[in-house]
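Structural overview for review
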Amino acid sequence: MPRRTHRFPVAALFTTFLAAAALAADRSGDAADAAADHLAHDIFKELIEIDTTDSVGSVTAAAEAVAQHFRAAGFPAEDVRVLGPNERKKNLVVRLRGTGRQKPVLLIGHLDVVEAPREDWSTDPFKLIEKDGYFYGRGTLDMKSGDAIMSATLLRLKQEGYRGSRDIILALTADEEDGCCNGVEWLVRNHRELIDAEFVLNHDGLVGYSINAEHGVPQEFAFSATEKLYADYQLTVANPGGHSSLPRSDNAIYQLAEGLLRIGRYSFPVELNEVTRAYFARMAKARTGQMGADMRAIVRDPGDAQAIARLSRESDLNALMRTTCVATRLKGGHSNNALPQRATAVVNCRILPGHSKEEVRKELIRVLNDPAITVRYVAEDGAITDTAPEQRALSPSPLLPQVLQPLESTVAAIWPGLPVVPFMNAGATDGIFTRAAGLPTYGVAGIAVDRDDMHAHGRDERLRVAAFYRGNEFFYRYLKALTAD
Ligand SMILES: [Zn+2]
């Protein structure tokens, strides 16, 4: 027992009384929080157990299931829309009306999941299993947890009779992972009026933003404000070939291999943008020792070669500083006893904002420095062309105070001292479509994920139970702070 309770019994009594009163007031909050968690869990379970894979699943079934909750909660029919290009790929768009003092915020999340072969999994991937403090199931991380949290938050706000400063629009969509009919792209093109907003929050946090945790302990709250551009290139060496008993100096496999090694040794120049500079500046404060010093050094001088060399050893930091290209596939020859007539490789690149796919193709040609190796562009649908599009990776979204300030205050209230850092995704999300439509887009999710658990597309996808409920609490509080009137 603290010593001061002996010294000041009356004050202590009063303190106890205040604490009890506060607790009672808190209880009603607790009850509402518990109900909100319950609802989020039910929607989560419902979504996990609806197969939304591209092969045999139906996104429409998931969109309809969630729409039912909104209709039952009293959302008018015109504010709950289920629509899309075909029967299996319909999206849900819901609007919670505010006072209209500010322009709407759009929340996006995808309902589809990648395939989950039952034989690879320890549990049924299409059942939500709670075990040892984790939720297991396909989509627990990517991203039916986020879909459930966003839906439950809107339902809770509606139930409270909450009217924020802006409409809150929620779009749960098809085909982020794969498939014919990306829902965000379709909505932007066909129903811009339904989703038009001042800015967009993407809850798809499994691509690097979210709370990074070690053994359940949050390390930093990363939110995304920009992403790299994805591009594949095919490298080919052709050769007349011949009999393998008579080798010559020109050989398709050797030439290609030497070219690939040159790419492997090459590093694209370091380039920081508004987002990555802010990332390193903020992370430097949270890191001690050499790493913190190196982060500070490159913010001061992005040409500091020694700091760059040390930071580049960490693959995630390396990817933040420069365009990366890496060989991912290799094929060559046609017979054990013939000189190869052809050798091909695929090189996958993640391009920094401001640069184009064609620019990177030309850079690969320069690095390969061998006219025998042709470098062609491989489009997403597999079509191969001699040159790449001039399309540039989009500039980062500006770090808007109306997005950041409520984020920082909400994080500080829930996770005191946790650094909030802007982040650049190394892979593409649905944010490319909203950014291309001119809507500033941020990846924001309050779900803590252990670095070791980042196997979202793999077997036994899982999420800590506590992280799910914390993420639910975060999102509710953040959305209220963001729309405070
Ligand atoms: Zn995802």
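All values derive from a computational prediction rather than experimental measurement.

Topic: unusual backbone geometry
Note the cis peptide between aspartate 142 and methionine 143, where omega equals -10 degrees. Summarising the element assignment, methionine 143 is placed in the loop between strand 5 (134-136) and helix 4 (144-160). One non-glycine residue, histidine 215, lies in positive phi territory at about 50 degrees. Even without a glycine there, the phi angle at asparagine 369 is positive, about 50 degrees.

Digging into the side chain of glutamate 227
The topology assignment puts glutamate 227 in strand 9 (residues 217-227). Looking at glutamate 227, its side chain comes within polar contact range of the main-chain nitrogen of threonine 429, at 2.7 Å. Of the polar contacts made by the side chain of glutamate 227, one reaches the side chain of arginine 435; its length is 3.0 Å. Apart from residues no more than four positions distant in its own chain, glutamate 227 is found in contact with Pro353, Met424, Asn425, Gly427, Ala428, Thr429, Gly431, Ile432 and Arg435.

What about the packing of helix 9 (residues 289-300) against helix 10 (residues 305-312)?
One way to put it is that helix 9 packs onto helix 10 with a least axis distance of 9 Å and a crossing angle of 125 degrees. Looking at the two axes, helix 9 sits oblique to helix 10. The handedness of the crossing between helix 9 and helix 10 is left-handed. Residues Gln290, Met291, Asp294, Met295, Ala297 and Ile298 of helix 9 touch helix 10, and the partners they reach there are Ala307, Ile308, Arg310 and Leu311.

Rules behind the numbers
- Residues numbered from 1 in each chain as written.
- Predicted model: local features only at pLDDT ≥ 70, side-chain atom pairs only at ≥ 80, totals over all residues.
- Heavy atoms only, no water.
- Helix = DSSP H or I, 4+ residues; strand = E, 2+ residues; numbered from the N terminus.
- Polar contact = N/O pair within 3.5 Å; in protein donor to acceptor, adjacent residues only side chain to side chain.
- Contact = heavy atoms within 4.5 Å.
- Axes fitted to C-alpha atoms, helices over the stretch in contact; angles between N-to-C directions.
- Parallel < 35°, antiparallel > 145°, perpendicular 65-115°, else oblique.
- Left-handed = near helix turned anticlockwise from the far one by under 90°.

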